[in-house]
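# Per-entry structural report
Below are the chains, spelled out letter by letter.
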Amino acid sequence: MNEKISELRKQFEAELQNVKDAAELENMRVGYLGKKGSITAILKDMGKISDEERRTLGQEVNVLKNEVADKLAAKKEELARLELEEEINSTPDIDISIPPVLERGSYHPITLVQRQCENVFKSMGFTVEDYSEVVTDYECFEALNIPKYHPARDMQDTYYLENGQLLKSHTSAAQNAIYKKYGKDLIEKGVPIKAIFPGRCFRNEATDACHENTFFQMEGVMVDKNISISNLIYFMKTMLSEVFNRDIKVRLRPGFFPFVEPGFELDINCEICGGEGCPSCKHSGWLELCPCGMIHPEVLKAGGIDPEEYTGFAFGLGLTRLAMMKYSIKDIRDLNSGSLDSMSQFTDDE
Ligand code: DAH
């Protein structure tokens, strides 16, 4: 066998042993089989030798050429396999046979009652609106018939921003925007306004078991032609019966709020004693739950709705209060405590 060929074969074998990655392998391929590669060079030089020599040498070079090509291909596969193995081995150990540990979270009791109320109102055709927590004085007071220096503002001291805006002290602050948003459909197409808007409210308040500076309400309004107090009572009764899972008796007492006329305090019969009288209801058999009333004509006017033609009711349900009653939570401060131990006990039992 031609000495040059056996030299080349030895050299190739030695180099192949030391190849570490695909780039080095490619360099080798070019060095042997490329246009200027050493095997190609032998083939090119064959013109200079005798016919007989060329025949034997030609055969040997071709054998070497095929051998080199096959071994390069095999090495390429081997390197790819090694790379994959290394990748697999370098990932952290995962034991896929261990069952997943699913620690289910739970909803906050206020979220639970909010959703229950939302579902009931949605089923009665109300839309659920979202509203900002920072509002203007106009939205929170003026548009609700509470002018500057009105004594009703005393009850709703809140937190003010330097630009004069404030953290809303009640969800009624969204009423004006809702009337403006849906008033056109009411007037032009006769579609009644039926909306609820739950939200976080703030008051500058000294805290105790019954008072918090941050709490939740859910406001609701319905405006159409011929809306009366009986509509208000019907919707409130239906909603409360669903939330408490029993038929709820309600009663209305007169209450003053500048944005409704007439205004009421809505009481429900005490769920603890069933109306007999107990310490929770101060032995009256009734619990105060939801102020409400017929929307004041000035409030409708501020929202662009003609009070001569349309009437409506509004209510401001205390969601925090409702959650406390439904789940017998004695101290309002627990709700903002962030204590998972206390807050994770409640489940949606519906
Ligand atoms: N916004 C009142 C408050 O937080 C509650 C209220 C009373 C809302 C009467 C109403 C209503 O919609 O009709 O004190």
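Data block above holds the structure.
Residues numbered from 1 in each chain as written. Predicted model: local features only at pLDDT ≥ 70, side-chain atom pairs only at ≥ 80, totals over all residues. Heavy atoms only, no water.

Across the sheet, which stays open at both edges, the 7 strands sit in the order E1-E4-E5-E9-E8-E7-E6 with mixed pairing between neighbours. The open sheet terminates on both sides in strands that have one partner only, identified here as strand E1 (127–128) and strand E6 (250–254). Of the strand pairs in this sheet, E6 and strand E7 (residues 260–269) are connected by 5 bridges, and their pairing is antiparallel. Its bridge partner lying in E7, Arg-253 is registered against Glu-265. (Pairing = 2+ DSSP bridges. Helix = DSSP H or I, 4+ residues; strand = E, 2+ residues; numbered from the N terminus.)

Note that Glu-219 resides in strand E5 (residues 214–224). Despite its burial, Glu-219 remains without a salt bridge, the nearest opposite charge being carried by Arg-203 at 8.6 Å. Engagement of the side chain of Glu-219 in a polar contact is seen with the side chain of Ser-172, the distance being 2.8 Å. (Buried < 20%, exposed > 50% of the residue type's maximum accessible area, 1.4 Å probe, protein only. Lys, Arg positive; Asp, Glu negative; His and termini not counted. Salt bridge = Lys/Arg side-chain N within 4 Å of Asp/Glu carboxyl O. Polar contact = N/O pair within 3.5 Å; in protein donor to acceptor, adjacent residues only side chain to side chain.)

It is at 9 Å that the axes of helix H5 (residues 109–123) and helix H10 (residues 319–326) come closest, and there the two elements cross at 105°. Taken together, H5 and H10 sit at an angle that is classed as roughly perpendicular. Facing H5, whose interface residues are Pro-109, Ile-110, Val-113, Gln-114, Gln-116 and Cys-117, H10 presents Leu-319, Thr-320, Leu-322, Ala-323 and Lys-326. Here the residues of the contact of H5 with H10 sort into 7 nonpolar, 3 polar and 1 charged. (Axes fitted to C-alpha atoms, helices over the stretch in contact; angles between N-to-C directions. Parallel < 35°, antiparallel > 145°, perpendicular 65-115°, else oblique. Contact = heavy atoms within 4.5 Å. Nonpolar A, V, L, I, M, F, W, Y, C, P; charged D, E, K, R; others polar.)

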